[in-house]
Amino acid sequence: MGKIVGIDLGTTNSLIAFMDKETPRVIKNAEGVGMLPSVVAFGEGEMWVGEAAKRRLVTHPDKTIYSVKRFMGKGFDDIRNEARLFPFQFVEGPVVRVQIGEKLYTPPEISAFVLKELKQRAEAFFKEPIRQAVVTVPAYFNDGQRQATKDAGKIAGLDVLRMINEPTAASLAYGFQKRKEGIIAVYDLGGGTFDVSILKINNGIFEVLSTNGNTHLGGDDIDQLLVDFIVKDIFKHHSIDLSNDPTALQEIRIRCEELKRKLSSAERAEISLPFPQKKITYRCEIKRLEFEELIGPLVEKTMGPCKQAMEDAALGPDQIDEVILVGGSTRIPVVREQVAALFKKVPHSEIDPDEAVALGAAVQADILAGGITHMLLLDVTPLSLGIETMGGVVSRLISRNSTIPTSAKEMFTTFVDGQQSVAIHVVQGEREMVKDCRSLARFNLTGIEPMPAGMPRIEVTFLIDADGILNVTAKDIRSGKVHSVEVKPSYGLGHDEVESMIASSIAHAQEDFNERMLIEARNEAKTVLRHVEKALREGGALVGEPERQEIDQSAVALRAAIEGPDHLPIREALDRLDRSTQHLAALLMDRSLKEVLQNKKLTDL
């Protein structure tokens, strides 16, 4: 099978690891450094990756790409507001593209350069080709972002055997090295993303109970807060506006990263920035307390997902045995303090928070290679999946926090007589109505035999693989016609949307329920009215005039109720129409039975 490596493809830094006998280890470069800056620079027909590229951030900011993970699987509209913060040029279009000279690059292509560098590092270490890898992704990466990550691996010449969620990977590293069991929470604040997962470890089985997070919140945002503070302070004291100076902004950003690290261990730190062209040198001392006040709201934003993850797992802080910190930003004291206060225990950080995810990926790689046989990983899908049914209602097939891989089947039918095709609309989210969820894919199942409404049987199957990627199949049971699609979602998921989906579903639960009940009642009423009209055409003469009038009046009342805003009057009108048509239904049934018996006698003769 060959060597299988584990890769943490990070926003700020990336790492590659392997299982060295019974210990996961990060592969380091010739200088003994494991972390590779996720930065790619271009110029003069050359390309640089990692530390060499990072050094060009100040000298060539317009040709040096960083934090590309934040753009994976997104469209330009998703990052339009954020694009102004970066010195390189974005090109408008359905997908994010960066222009360097005459060439255009997508985020998967840029990420592939980083993966290639890691791949070459491993090949130099092992002195053999590396073709297979386990790659980690944020738990809240959607299908499009996961597919983009897989595409990056393919471009880099890697077969991505499995993608696992970053906090889950960290728990694997922790569980493997500490050999502990119980309920653990993984708090992962990385360079560009935040994840939290609650897991149960029992006899080598790692079962994810719930997951939550924000795919657009991390150390980069802390750096940006510091950059904005410094730029404003320079303007305040020197009346110089550097907000549109790419070179100056990159110099400030690099110094702010250093300042953040210093304030994680010291009570105060000084920043000194010479600007010869402006004939000034800016100096400022920042106290840790000031820094904590500045980033306080951002740290607080991570607490909501933590509370929701515990609620989804039906657990309180007292039932969490351990809390693991992952990601470089968890070195900041105020982050640790907030986590400790929420979970009511001191969090663990014995495993290097920068390396934990890569080490866990190496453990999973060894599981796939057959080296580790006493561990099993059971991950979950973060959001519910379903399809649109009549009236814009969501029929949910797979609920959020379902263990993956998983599958679900449900039978549907047609709503119109003679219908020969069915539109399948796949959605993701927690609301009852399609308009409030995220569209993932649309396709048509054609070739259905024309039949009365309600007669065809359409079987829809959802299958989520171990990478969290969804495959949808629709099958006409009668004709055997099948249409299948691997869902590659349409772009358009804003960074706040994922975080707010669950909260929105709770806030609008009663409203959504009422709207769903109204639409389902209307659909049922329209179907019943069609059947009543058909029954009257075929057997109206079987009942007397008073009974016929009562049926007509009940039908009129139901049509009026359909136009109203409440489902209860529709249900009442349905009950009235049902009572008024019971005698007619019985007469039609008797007539049908007599016709069947008469035909049988003729056949017997």
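As the structure is a prediction and not an experimental result, all values here were calculated from the model. (Residues numbered from 1 in each chain as written. Predicted model: local features only at pLDDT ≥ 70, side-chain atom pairs only at ≥ 80, totals over all residues. Heavy atoms only, no water.)

## A short note on the overall build of the protein chain
Moving on, step 1. Along the protein chain, the regular secondary structure elements total 16 helices and 28 strands.
Moving on, step 2. Dimensions of the protein chain, computed from C-alpha atoms along their principal axes, come out at roughly 105 × 60 × 55 Å.
Moving on, step 3. In the protein chain, 67% of the contacts between residues at least 6 apart in sequence involve partners at least 24 apart.
Moving on, step 4. For the protein chain, the accessible area works out to roughly 27,600 Å², and carbon and sulfur atoms hold 50% of it.
Moving on, step 5. Taking the average place of the 74 positive charges on the side chains of the protein chain and the average place of its 88 negative ones, the gap between the two points comes to 3 Å. (Helix = DSSP H or I, 4+ residues; strand = E, 2+ residues; numbered from the N terminus. Contact = heavy atoms within 4.5 Å. Areas by Shrake-Rupley, 256 points an atom, 1.4 Å probe, with all protein chains shown as cover. Lys, Arg positive; Asp, Glu negative; His and termini not counted. Charge placed at Lys NZ, Arg CZ, Asp CG, Glu CD.)

## Some points on the packing of helix H7 (residues 219-238) against helix H9 (residues 288-300)
Moving on, step 1. Put simply, H7 and H9 touch, their axes get as near as 10 Å, and they point 130 degrees apart. If you check the angle between H7 and H9, you find them oblique. Crossing geometry of H7 relative to H9 is assigned as right-handed. Residues Asp-221, Ile-222, Leu-225, Leu-226 and Phe-229 of H7 lie in contact with H9, whose contacting residues are Phe-291, Leu-294, Ile-295 and Leu-298.
Moving on, step 2. Grouping the amino acids of the contact of H7 with H9 by side-chain chemistry returns eight nonpolar, no polar and one charged. (Axes fitted to C-alpha atoms, helices over the stretch in contact; angles between N-to-C directions. Parallel < 35°, antiparallel > 145°, perpendicular 65-115°, else oblique. Left-handed = near helix turned anticlockwise from the far one by under 90°. Nonpolar A, V, L, I, M, F, W, Y, C, P; charged D, E, K, R; others polar.)

## So, the confidence of the model for the protein chain
Moving on, step 1. A residue-level look at the protein chain finds 92% of positions with pLDDT of 70 or above and a mean pLDDT of 84.
Moving on, step 2. Predicted confidence in the protein chain is weakest over helix H13 (residues 495-507), with a mean pLDDT of 47, and strongest over strand E1 (residues 4-8), with 96.
Moving on, step 3. Scored below 50 in pLDDT, residues 489-502 makes 42 contacts in the model with residues more than four places away or belonging to other chains. (pLDDT = per-residue confidence, 0-100.)

## A closer look at the sheet that holds strand E25 (residues 438-446)
Moving on, step 1. Taken in spatial order, the four strands line up as E21-E20-E24-E25 in an open sheet, and their pairing is antiparallel. Each edge of the open sheet is held by one strand with a lone partner, namely strand E21 (393-398) and E25. Neighbour-to-neighbour, the strand axes of the sheet open up by a mean angle of 30 degrees, direction not taken into account.
Moving on, step 2. By the bridge criterion, eight bridges tie strand E24 (residues 421-428) to E25 in an arrangement that is antiparallel. Looking at the pairing, Val-426 lines up with Ala-441 of E25. (Pairing = 2+ DSSP bridges.)

## With respect to helix H10 (residues 303-312)
Moving on, step 1. Those residues of H10 not exposed but buried are Met-303, Pro-305, Cys-306, Gln-308, Ala-309 and Met-310.
Moving on, step 2. A positive backbone phi angle near 55 degrees is found at Ala-314, which sits one or two residues after H10. (Buried < 20%, exposed > 50% of the residue type's maximum accessible area, 1.4 Å probe, protein only.)

## Topic: the nonpolar core
Moving on, step 1. Counting 52 residues, the largest nonpolar core has Ile-7 and Phe-90 as its most contacted members.
Moving on, step 2. With eight residues, helix H4 (residues 107-126) is the largest single contributor of residues to this core.
Moving on, step 3. Dropping the residues within four chain positions of it, Ile-7 is found in contact with Leu-15, Ile-16, Leu-115, Leu-118, Ala-133, Val-134, Val-135, Thr-136, Leu-158 and Ala-361.
Moving on, step 4. By size, the runner-up hydrophobic cluster in this structure holds 48 residues, among which are Ile-222, Val-299, Met-310 and Val-339. (Core = buried A, V, L, I, M, F, W, Y, C linked by side-chain atoms within 4.5 Å.)

## So, a negative patch on the surface
Moving on, step 1. Judged by side-chain charge, Asp-566, Glu-572, Asp-575 and Asp-578 come together as a negatively charged surface patch.
Moving on, step 2. Here Asp-575 lies in helix H16 (residues 567-604). (Patch = residues over 30% accessible without salt bridge, like charges linked within 9 Å, V, L, I, M, F, W, Y side chains within 5 Å. Salt bridge = Lys/Arg side-chain N within 4 Å of Asp/Glu carboxyl O.)

## Considering the pairing of strand E9 (residues 97-100)
Moving on, step 1. Here E9 shows a buried face lined by Val-98 and Ile-100 and an unburied face lined by Arg-97 and Gln-99.
Moving on, step 2. Between strand E8 (residues 89-91) and E9, which pair antiparallel in sequence order, lie five residues.
Moving on, step 3. Examined bridge by bridge, E9 and strand E10 (residues 103-105) share three bridges and lie antiparallel to one another. Considered in E10, the bridge of Ile-100 is made with Lys-103.

## Things to note about the packing of H4 against helix H5 (residues 143-155)
Moving on, step 1. Between H4 and H5, the shortest axis-to-axis distance is 8 Å and the interhelical angle comes to 55 degrees. What the angle tells us is that H4 and H5 run oblique. In this structure, H4 crosses over H5, and the sense of that crossing is right-handed. Contacts between H4 and H5 involve Pro-108, Glu-109, Ser-111, Ala-112, Leu-115 and Lys-116 from the first element and Ala-148, Asp-151, Ala-152, Gly-153 and Ile-155 from the second.
Moving on, step 2. Grouping the constituent residues of the contact of H4 with H5 by class yields six nonpolar, two polar and three charged.

## Here we look at the packing of aromatic side chains
Moving on, step 1. Taken as a whole and judged by the stated rule, the model has 14 aromatic pairs.
Moving on, step 2. Centre to centre, the rings of Phe-18 and Phe-125 are 5.2 Å apart; their planes meet at 55 degrees, and the pair counts as tilted. Of this pair, Phe-18 sits in strand E2 (residues 13-20) while Phe-125 sits in helix H4; the two residues are 107 residues apart in sequence, bridging distant segments of the chain.
Moving on, step 3. Classification of Phe-125 as partly exposed rests on a relative accessible area of 44%.
Moving on, step 4. Aromatic rings pair up to connect Tyr-66, Phe-71, Phe-86, Phe-88 and Phe-90 into one cluster.
Moving on, step 5. Note that Arg-56 overlies the ring of Trp-48, its terminal NZ or CZ placed 3.9 Å from the centroid.
Moving on, step 6. Taking NZ or CZ as reference, Arg-253 lies 3.9 Å from the ring centre of Tyr-66, over its face. (Phe/Tyr/Trp six-rings, centres within 6.5 Å; stacked < 30°, edge-to-face > 60°. Lys NZ or Arg CZ within 6 Å of the ring centre and 35° of its normal.)

## Quick look at the sheet that holds strand E6 (residues 46-49)
Moving on, step 1. If you walk across this open sheet you meet the three strands as E6-E5-E7, and the pairing is antiparallel. Of all the strands in the sheet, just E6 and strand E7 (64-66) have a single pairing partner and so form its edges. Sheet twist, expressed as the mean angle between neighbouring strand axes with direction ignored, is 15 degrees.
Moving on, step 2. Direction of pairing for strand E5 (residues 39-43) relative to E7: antiparallel, over a ladder of three bridges. Each residue of the ladder has a partner; that of Ala-41, found in E7, is Thr-64.
Moving on, step 3. Sitting on the sheet, H4 is in contact with E5, E6 and E7, with an inclination near 105 degrees to E5.

## Some details on the side chain of Asp-354
Moving on, step 1. Looking at the element boundaries, Asp-354 is found in the loop between helix H11 (333-343) and helix H12 (356-369).
Moving on, step 2. Separated by 2.5 Å, the side chains of Asp-354 and Arg-331 make a polar contact.
Moving on, step 3. Once residues lying within four places of it in the same chain are set aside, the contact partners of Asp-354 are Asp-8, Leu-15, Met-35, Gly-327, Gly-328 and Arg-331. (Polar contact = N/O pair within 3.5 Å; in protein donor to acceptor, adjacent residues only side chain to side chain.)

## Structural notes on unusual backbone geometry
Moving on, step 1. A positive phi angle is found at Ser-239, which is not glycine, with a value near 55 degrees.
Moving on, step 2. Look at Ser-239 and you get exposed, because its relative accessible area is 60%.
Moving on, step 3. Of note, the phi angle at Lys-279 is positive, near 60 degrees, even though the residue is not glycine.
Moving on, step 4. Mapped onto the fold, Lys-279 is located in the loop between strand E16 (268-275) and strand E17 (280-287).

## Looking at the pairing of E6
Moving on, step 1. With four bridges joining them, E5 and E6 adopt antiparallel strand pairing. In the strand pairing of E6, Val-40 is matched with Val-49.
Moving on, step 2. The antiparallel hairpin formed by E5 and E6 contains two residues in its connecting segment, where Glu-44 sits at a positive phi of about 50 degrees.

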